[in-house]
Amino acid sequence: MAEKSVLPQREHFLIIEDDKGRQEILLREPTYSIGRSHDCDIRLRSQFVSRHHATLHRRIREDGSSYYRIVDGDLEGKRSVNGLLINQAKIKQASYDLQDGDEIVFGPQVFAMYQYRQRDKFPTLPSHDPFDITLIDPAMMDYDDDTKESD
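Residues numbered from 1 in each chain as written. Predicted model: local features only at pLDDT ≥ 70, side-chain atom pairs only at ≥ 80, totals over all residues. Heavy atoms only, no water.

Enquirer: Tell me about the overall build of the protein, and name the residues and values.
Expert: Summing up its helical and strand segments, the protein has 0 helices and 11 strands in all. If you list the helices and strands of the protein from N to C, you get β-β-β-β-β-β-β-β-β-β-β. Residue burial in the protein is summarised as follows: out of 151 residues, 31% are buried. Of the contacts formed within the protein by residues at least 6 apart in sequence, a portion of 44% connects residues at least 24 apart. As presented, the protein carries roughly 11,100 Å² of accessible surface, and 49% of it is formed by carbon and sulfur atoms. (Helix = DSSP H or I, 4+ residues; strand = E, 2+ residues; numbered from the N terminus. Buried < 20%, exposed > 50% of the residue type's maximum accessible area, 1.4 Å probe, protein only. Contact = heavy atoms within 4.5 Å. Areas by Shrake-Rupley, 256 points an atom, 1.4 Å probe, with all protein chains shown as cover.)

So this is what it looks like as structure tokens:
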């Protein structure tokens, strides 16, 4: 009897906390703009961050896995006024390759956590195993009044 395999699935998240609360964003796109401007993909809700504070770019490693690189500023290369703190250190270069658990500070009380999570995904294909059975709880059965035993 063959066992069902579990397929690992990795997902990138950016968890942002700012003046208005917490947002958990699943990162799927190749590029995101981050800032307080209404036209940013990820909007920071604070007057202390730049309109276009940072940009995220998805990158692919040689082994096929992906990660995100954060760039200080907008797509045209204009850096933000306050810069970025990553893991409590100001980044001196214009970009930084994010790793699971990195903390990014955009401004006073505006920060984010980058997470690269793996979750197990079970295949949804039907099993052709003749010994694969589903157990049913009798309480889940819907009985007609005619089939009940009489006293």
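Next comes the rest of the description.
Enquirer: I'd like a rundown of the sheet that holds strand β9 (residues 95-97), residues and numbers included.
Expert: Across the sheet, which stays open at both edges, the 5 strands sit in the order β4-β3-β5-β6-β9 with mixed pairing between neighbours. Edge positions in the sheet fall to β4 (42-43) and β9, since each of these pairs with one other strand and no more. Of the strand pairs in this sheet, strand β5 (residues 54-60) and strand β6 (residues 66-72) are connected by 7 bridges, and their pairing is antiparallel. Opposite Leu56, over in β6, you have Ile70 as the bridge partner. (Pairing = 2+ DSSP bridges.)

Enquirer: Residues and numbers for the pairing of β6, please.
Expert: Where burial is concerned, most of β6 is hidden: 6 out of the 7 residues are buried. Counting the residues in the hairpin turn of β5 and β6 gives 5 residues, including Gly64, whose phi is positive at 95 degrees. Taken together, the 3 bridges between β6 and β9 define a ladder with antiparallel strand orientation. Following the sheet pairing, Arg69 is matched in β9 by Asp97.

Enquirer: An account of the side chain of Ser50 is requested, with residue identities and associated values reported.
Expert: Checked against the element boundaries, Ser50 lands in the loop between β4 and β5. Take Ser50: its relative accessible area is 13%, and that puts it in the buried class. Ignoring anything within four residues of it in the chain, the contact list for Ser50 reads Gly35, Arg36, Ser80 and Val81.

Enquirer: Would you mind going over the packing of aromatic side chains in detail, with residue names and values included?
Expert: Think of a pair of aromatic rings as described by two things: how far the centres are apart, and how the planes are tilted against each other in angle. Per the stated rule, a full pass over the model turns up 1 aromatic pair. Taken together, a centroid distance of 6.4 Å and an interplanar angle of 50 degrees make the contact between Tyr32 and Tyr68 tilted. You can see Tyr32 sitting in strand β3 (residues 31-35) and its partner Tyr68 sitting in strand β6, a full 36 residues away along the chain. Look at Tyr32 and you get buried, because its relative accessible area is 9%. Taking NZ or CZ as reference, Arg117 lies 4.0 Å from the ring centre of Phe13, over its face. (Phe/Tyr/Trp six-rings, centres within 6.5 Å; stacked < 30°, edge-to-face > 60°. Lys NZ or Arg CZ within 6 Å of the ring centre and 35° of its normal.)

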